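Structural overview
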Amino acid sequence: MRFFILALAAVLGGGIRKTRRWGQRLERVWIGAFLIGFFLLTGCASLTPLPSPTAIQTRLSSNTETPTAFLPAAPTATERATSTFTPSPTFSPTPTPFPTPVWMGREIPLYTLRADLDFAEHTLEVAEEIIYTNQTGVELEKLVLVVETNRRSDVFHLESIKLNGEEIEPNLEGARLEIPLEPKLLPEEGVIIEITYRLDIPAKPSDEVFGYLSSQINIVNWYPFVAPYTAEKGWLIYAPSGVGEHLVYETSDFDVKLKVSDNLIVAASAEGETADDNWVHYEHKAARAFVFSVGSRLSSQTVASENARVTSYFFPDYEEESAALLEASSKAIDVFSERYAPFPYESLSIVQTELNDGMEYDGLIFVGRKFYDEYDGTIKNNLIMLTVHEVAHQWWFGSVGNDNALEPWVDEAMALYSERIFYETVYPYPVGWWWRFRVYWFKPKGWVNITIYDGYDFRAYTNAVYYRGGLFLEDLRDRIGEKDFNAFLQDYAKSYAGKIATSDDFFMILDRNTNEDYNDLLEEYFK
Ligand SMILES: [Zn+2]
């Protein structure tokens with residue numbers, strides 16, 4: 001074991017990327033020594049990317065958890081009183097060159113989050129660490145982070161932010177947090193960002209997920225995250241619109257520890273393991289986001305399907321509806337795993353909440369209570385249909401991402417059409433009902449590829465993006481035939497897993513799976 005550790009440390013130490021700012025032999029030797037020490041300390045538990053030495057020391061001395069963990073410091077009365085971050089008098093407004101960046105060897109970002117929830121007070125204390133490697137292929141002179149909770153006042157209270165161990169001045173306006181990088185971050189180079197903050201969780205508006213209810217708190221989009229960057233569009237950070245979803249997420253890894261008092265039920269994007277003293281540890285890999293919901297009156301039921309463990313969290317007296325949901329969602333996971341690609345995660349949580357809709361995150365979906373109330377004991381209702389829709393988003397949104405603001409049809413038309421695929425496979429007789437009830441009743445019109453900013457109201461928006469999107473996919477399937485259509489679905493699900501697919505990507509994959517001409521369909525459905 002020790003030889004392995006030494007060899008590994010030597011390889012890693014020697015393998016640290018030599019950049020214009022690296023290359024000092026002494027530094028590399030020092031890092032090798034540091035790595036040896038680190039692996040001896042951690043017992044070689046894992047090859048987690050290495051924070052800067054100072055960061056590690058701080059964490060080791062500040063808690064009794066594993067060396068890579070860090071706990072949010074308990075806020076003092078003074079800290080609570082001063083809600084906003086104020087730079088110290090000696091703080092320099094110009095960014096100081098940060099210590100040499102280290103190549104972290106990560107394809108995707110890693111978010112390490114330690115969050116302490118005070119359910120009664122509606123506060124969440126968070127210590128966050130982001131390990132970000134520049135995989136954009138271009139030099140970055142800044143990073144743009146999305147701080148969704150800062151769109152409204154008095155929710156997000158920044159305490160400190162550090163870049164590679166150095167405190168920096170926050171440049172935060174609304175949801176946009178900019179971190180200047182001086183010198184620029186070259187492709188393949190990485191940085192570590194540490195942010196501590198407190199959320200004062202607001203009451204939940206009826207049409208949003210985030211916020212507290214009398215017996216439940218839903219926590220989504222709760223940590224600053226690096227916006228995806230593309231050469232064509234730059235940083236993908238968008239303003240909300242009256243319709244649709246505006247956030248775009250890069251696939252990332254999440255290591256989360258939550259502290260919640262033990263009389264509460266926690267539903268999360270992944271299944272947790274209780275560590276110690278009410279801290280529960282979650283790992284959510286290759287996912288768009290980590291979300292959770294905490295309730296004082298929630299019950300749960302779990303079924304293990306062939307492809308995933310599915311848990312339903314529900315309010316008192318909804319056991320029958322919960323059981324129906326579990327059956328449908330497990331079958332949906334089996335159907336989509338077969339038709340598209342294996343289920344991308346290990347588990348799925350379905351959480352009842354107060355909402356006029358369903359809402360997808362990867363590994364966790366919310367379903368509005370009103371659909372439970374409408375449940376009629378059959379499979380021909382909104383409860384089953386919407387749940388299956390949100391399950392389908394695990395593939396179209398979760399695994400295959402897209403620009404939800406500018407190209408919402410890319411996931412929504414696919415999730416809508418997945419409902420049809422679910423019914424035709426599991427309960428074929430109501431497919432006619434599904435078309436009438438779900439699509440034709442609305443007499444849909446409009447272009448499939450509108451953005452969320454094109455001025456449509458909710459009904460006109462869903463008519464165009466969802467229902468006309470579903471009709472387009474039905475016509476496309478008729479045109480190219482079952483064999484090509486299935487080959488396309490599988491190729492697309494596989495080729496764009498973990499990526500952000502565009503309309504062009506969709507048609508590029510389609511073209512390589514069929515020789516049929518479908519140009520007239522593009523003219524009919526797309527502007
Ligand atoms: Zn949807």
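Please refer to the structure placed before this passage.
In what follows, the accompanying structure is described. It should be emphasised that the depicted structure is a prediction, and the values quoted were computed from it without experimental measurement.

**Some details on the overall build of the chain**
Each helix and strand counted, the chain has 12 helices and 25 strands in total. Long-range contacts, defined here as pairs at least 24 residues apart, represent 70% of the contacts in the chain between residues at least 6 apart. A total of about 22500 Å² of accessible surface is found on the chain, and carbon and sulfur atoms cover 51% of it.

**Observations regarding the sheet that holds strand β11 (residues 225-226)**
Pairing is antiparallel across the open sheet formed by four strands, whose spatial order is β6-β7-β3-β11. This sheet does not close on itself; its edge strands, each paired only once, are β6 (171-173) and β11.

**Structural notes on the pairing of strand β8 (residues 190-200)**
Among the 11 residues in β8, nine count as buried, and that is most of the element. In this sheet, β8 lies alongside strand β2 (residues 123-133) in antiparallel orientation, the contact comprising 11 bridges. Bridging from a neighbouring strand, T133 pairs with G190 of β8.

**Concerning the nonpolar core**
In this structure, L143, W222, F336 and Y492 are the most contacted members of the largest nonpolar core, which totals 155 residues. Considering every element that reaches this core, the biggest residue donor is helix α10 (residues 458-495), with 15 residues. Each of domain 2 (67-296) and domain 3 (401-525) gives at least three residues to this core. Residues within four places of F336 in sequence aside, it is in contact with A341, V388, V391, A392, W395, S418, I421 and F422.

**Notes on the side chain of R420**
Mapped onto the fold, R420 is located in helix α8 (residues 409-426). At a separation of 2.8 Å, a polar atom in the side chain of R420 contacts the side chain of E474. If we ignore the near neighbours within four places in the chain, the residues touching R420 are V431, W434, W435, E474 and R477.

**Notes on the packing of helix α5 (residues 319-339) against α8**
Interaxial distance between α5 and α8 falls to 10 Å at its minimum, and their mutual angle equals 100 degrees. Between α5 and α8, the angle is such that the two are roughly perpendicular. Between α5 and α8, the contacting residues are A328, K331, A332, V335, F336 and R339 on the first element and S418, I421, F422, E424, T425 and V426 on the second. Residues that form the contact of α5 with α8 fall into these classes: seven nonpolar, two polar and three charged.

**Observations regarding the environment of L510**
Mapped onto the elements, L510 comes out in helix α11 (residues 503-511). When its relative accessible area of 0% is taken as the criterion, L510 is described as buried. Those residues in contact with L510, other than ones at most four positions away along the chain, are L476, I480, F488 and Y518.

**Some remarks on the packing of aromatic side chains**
We describe a pair of aromatic rings using the distance from one ring centre to the other and the angle between the two ring planes. Under the criterion given, the structure shown has 46 aromatic pairs. Considering the side-chain rings of Y229 and W235, the 4.8 Å spacing of their centres and the 65 degrees angle between planes classify their relative orientation as edge-to-face. On the numbers, 6.4 Å between centres and 85 degrees between planes, the contact of W409 with F472 is edge-to-face. Remark: F472 occurs in helix α10 and W409 occurs in helix α8; sequence separation between them is 63 residues. Both residues of the pair, W409 and F472, belong to the buried class. The ring centre of Y496 lies 5.7 Å from the NZ or CZ of K499, which sits over that ring.

Here is what the cut-offs are and how they apply
Residues numbered from 1 in each chain as written. Predicted model: local features only at pLDDT ≥ 70, side-chain atom pairs only at ≥ 80, totals over all residues. Heavy atoms only, no water. Helix = DSSP H or I, 4+ residues; strand = E, 2+ residues; numbered from the N terminus. Contact = heavy atoms within 4.5 Å. Areas by Shrake-Rupley, 256 points an atom, 1.4 Å probe, with all protein chains shown as cover. Pairing = 2+ DSSP bridges. Buried < 20%, exposed > 50% of the residue type's maximum accessible area, 1.4 Å probe, protein only. Core = buried A, V, L, I, M, F, W, Y, C linked by side-chain atoms within 4.5 Å. Domains from an automatic or database assignment. Polar contact = N/O pair within 3.5 Å; in protein donor to acceptor, adjacent residues only side chain to side chain. Axes fitted to C-alpha atoms, helices over the stretch in contact; angles between N-to-C directions. Parallel < 35°, antiparallel > 145°, perpendicular 65-115°, else oblique. Nonpolar A, V, L, I, M, F, W, Y, C, P; charged D, E, K, R; others polar. Phe/Tyr/Trp six-rings, centres within 6.5 Å; stacked < 30°, edge-to-face > 60°. Lys NZ or Arg CZ within 6 Å of the ring centre and 35° of its normal.

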